[in-house]
Amino acid sequence: MLQDKTLQKLLSDEETRQREGLELVPSENYVSRDVLEALGSVFTNKYSEGYPGRRYYGGQENTDQVETIAIDRAKKLFGSDHANVQPHSGAPANIAVYQAWLNPGDTVMAMRLDHGGHLTHGAPVTASAKLYNFVRYGVKDVETGEIDYDEMREVALKEKPKILIAGFSGYPRSLDYSKFAAIGNEVGAMLMADIAHIAGLIAGKALPNPLDHGFHVMTSTTHKTLRGPRGGLILSKGIAGNPLKAPEKTIENLPTLIDREVFPGTQGGPHMNNILAKAVAFGEALDPSFQVYANQILKNAKQLADELMKRGFKLVSNGTDNHLIMIDMHRSFGIDGRVTQEILDRVGLTGNCNAIPNDTLPPFRPSGFRLGTPAITTRGLVESDMAFVAEQMQKAVNSKDSESQLDKIKADVAVFALQFPLPSDK
Ligand code: DSN
């Protein structure tokens, strides 16, 4: 209990919001009590610049062991040669890899933002876009949502990117890693998969692992499908050398190049409470039950997509292969994604507005609404519960001008949601 009453009230209100609502933002999740305890532990007091066995401060007998456990578990989980568990989140993880491999002005190829790519893959407003030259690939058409690999190859042959990125924050279909690898190898690009959204699905063996298909590096966050604390992670092939010595830019040297660019290249002291929580979450993900969870996320997403389509929601690519669903709200019901977000938030169903491929509306008020199943699957919802979720979404959209109807839907959602305790309440 916080002594500051104002802040305690906000904390309690947020707990209630999370308990009484259903979290449908595809990049969010509910962590275990152990992950929460690790985050709130005394490791938050400690400075640990450097890496295990090579720190710049004393008092590291416990931090070194924690970070080593986190590294070993991450490597085991993803089958990588190396793991750096220090990035504060996904954006710093991506920047560290760019810094490790590129020189200013070098070319990087990534998915178009409005086709599902991520801001840190070269959106003009980001620092990376000011340093490097980003070129694009996108989807062939909105109906199938399939990436245009022929166009990707053509652009890659012309632009000769130094890094080819496979990754997204709004793409509901599978990526063909072998096709990426063939194109990347043809032009001599380093292959980087940003698996932030699907790390838990890869760890839980529900989706293929890019490292098994010729990729060299994977960057990730730890708080989405992986269900850990908010944080970042870099996994790579190669052999770690002395981080004090700048090595040649080769695939084999990636671990050293990356370690140097995380610290001291782009970050100072690691957040050791967070690294403890990552170690806890990686341990949870190594348990066989996590594979059941990962597969259930996909089953729920497919079922929810079907239930939504039955009710007139038009989905980008008409379905999903992963944990996320992108609805074209403009085409479905003539309202934009932001209005949808506000209506659904009002009844305790939280998702987010999102641009869709070839969107005719502006980014702040796009046509799309993005949702997903990682968090509700953690709470224990299964396929048979997806009809309820889709039904409440439809009712809310149809009742958008009736406060009393929206109140009733909110109450029904709360009664339903309270059947499924948060993991930290168990
Ligand atoms: N903000 C994350 C998401 O919601 O997809 C990506 O960084």
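Residues numbered from 1 in each chain as written. Predicted model: local features only at pLDDT ≥ 70, side-chain atom pairs only at ≥ 80, totals over all residues. Heavy atoms only, no water.

A. Structural context of the overall build of the protein. Within the protein, the regular secondary structure consists of 16 helices and 14 strands. Computed over its C-alpha atoms, the radius of gyration of the protein comes to 22 Å, within 12% of the 22 Å expected for a compact globule of 426 residues. Of all intrachain contacts in the protein linking residues separated by at least 6 positions in sequence, the fraction that spans at least 24 positions is 72%. A total accessible area of about 17600 Å² is found for the protein, and carbon and sulfur atoms account for 53% of it. (Helix = DSSP H or I, 4+ residues; strand = E, 2+ residues; numbered from the N terminus. Rg over C-alpha atoms; globule rule 2.2 N^0.38 Å. Contact = heavy atoms within 4.5 Å. Areas by Shrake-Rupley, 256 points an atom, 1.4 Å probe, with all protein chains shown as cover.)

B. How the structure looks around the site of the ligand. Around the ligand sit S27, H118, S169, H197, K224 and R370, and that is every residue in its neighbourhood. Within the side chain of S27, an N or O atom sits 2.6 Å from an oxygen atom of the ligand. Residue R370 places a side-chain N or O atom 2.7 Å away from an oxygen atom belonging to the ligand. Summarising the interface, the protein chains cover 64% of the accessible area of the ligand, which totals 230 Å² for the free molecule. Here the residues of the shell around the ligand are counted per class, giving no nonpolar, 4 polar and 2 charged. (Near = heavy atom within 4 Å. Polar contact = N/O pair within 3.5 Å; in protein donor to acceptor, adjacent residues only side chain to side chain. Nonpolar A, V, L, I, M, F, W, Y, C, P; charged D, E, K, R; others polar.)

C. Region of the structure containing a nonpolar patch on the surface. Judged by side-chain polarity, L2, L7, L10 and L11 come together as a nonpolar surface patch covering roughly 350 Å² of accessible area. Locating L2 in the fold gives a position in the segment before α1 (5-20). Residue classification places L2 among the partly exposed positions, given a relative accessible area of 41%. (Patch = residues over 30% accessible without salt bridge, like charges linked within 9 Å, V, L, I, M, F, W, Y side chains within 5 Å. Salt bridge = Lys/Arg side-chain N within 4 Å of Asp/Glu carboxyl O. Buried < 20%, exposed > 50% of the residue type's maximum accessible area, 1.4 Å probe, protein only.)

D. Inspection of the sheet that holds strand β14 (residues 368-372) at higher detail. With antiparallel pairing, the 3 strands of this open sheet are ordered in space as β11-β14-β13. Edge positions in the sheet fall to β11 (324-328) and β13 (352-354), since each has one partner strand and no second. With direction set aside, neighbouring strand axes in the sheet form an average angle of 35°. Pairing of β11 with β14 involves 5 bridges; the strand directions are antiparallel. (Pairing = 2+ DSSP bridges. Axes fitted to C-alpha atoms, helices over the stretch in contact; angles between N-to-C directions.)

E. Structural detail: helix α7 (residues 177-187). Those residues of α7 that sit buried are Y177, F180, A181, I183, G184 and V187. Looking at the buried residues of α7, the elements they touch are β6 (133-137), α6 (149-159), β7 (163-167) and β8 (190-194).

F. Structural context of the packing of α6 against α7. Two elements in contact, α6 and α7, have axes separated by 10 Å at closest approach and are oriented at 15°. If you check the angle between α6 and α7, you find them roughly parallel. Both α6 and α7 take part in a crossing whose hand is right-handed. For the pair α6 and α7, the contacting residues are Y149, M152, R153, A156 and L157 in the first and K179, F180, I183, E186 and V187 in the second. (Parallel < 35°, antiparallel > 145°, perpendicular 65-115°, else oblique. Left-handed = near helix turned anticlockwise from the far one by under 90°.)

G. Structural detail: the sheet that holds β7. Strand order across the open sheet formed by 7 strands is β4-β10-β9-β8-β7-β5-β6, with mixed pairing between neighbours. Among the strands making up the open sheet, the edge pair consists of β4 (82-84) and β6. Taking the axes of each pair of neighbouring strands and ignoring which way they run, one obtains an average angle of 20° across the sheet. In terms of strand pairing, strand β9 (residues 217-221) meets strand β10 (residues 232-236) through 5 bridges, oriented antiparallel. Each residue of the ladder has a partner; that of V217, found in β10, is S236. Across the sheet, α7 is in contact with β6, β7 and β8; its angle to β7 comes to roughly 170°.

H. Inspection of unusual backbone geometry at higher detail. At the junction of F263 and P264, the peptide bond is cis and its omega measures out at 5° in the coordinates. Structurally, P264 can be placed in helix α9 (residues 254-266). Of note, K160 is a non-glycine position whose phi angle comes to about 50°, a positive value. Relative to the helices and strands, K160 resides in the loop between α6 and β7. Residue classification places K160 among the partly exposed positions, given a relative accessible area of 48%. One non-glycine residue, K205, lies in positive phi territory at about 60°. Along the chain, the position of K205 falls in the loop between α8 (199-203) and β9.

I. Geometry of the nonpolar core. With 62 residues, the main nonpolar core has F78, I147, M152, L164 and F180 as its most contacted residues. The element best represented in this core is helix α10 (residues 272-286), accounting for 8 residues. Once residues lying within four places of it in the same chain are set aside, the contact partners of F78 are I195, A199, I202, A203, N209, L211, M218, L226, L233 and L235. Ranked by size, the runner-up nonpolar core spans 31 residues in total, among them M329, L344, M393 and A417. (Core = buried A, V, L, I, M, F, W, Y, C linked by side-chain atoms within 4.5 Å.)

J. Focus on the environment of M309. Inspection of the secondary structure assignment puts M309 in helix α11 (residues 289-310). Note on M309: relative accessible area 29%, which makes it partly exposed. On a C-alpha basis, the gap between M309 and G319 in space is 8.4 Å, while along the polypeptide they are 10 residues apart. M309 has contacts with L315, N318 and G319, leaving out every residue within four places of it along the chain.

K. Seen up close, the pairing of β14. The buried count for β14 comes to 5 of 5 residues, which makes it a mostly enclosed element. Every second residue of β14 is oriented toward a common face, with G368, R370 and G372 on one face and F369 and L371 on the other, all of them buried. Bridge analysis of β13 against β14 gives 3 bridges, and the strand direction is antiparallel. Residue pairing across strands places N354 opposite G368, the latter belonging to β14.

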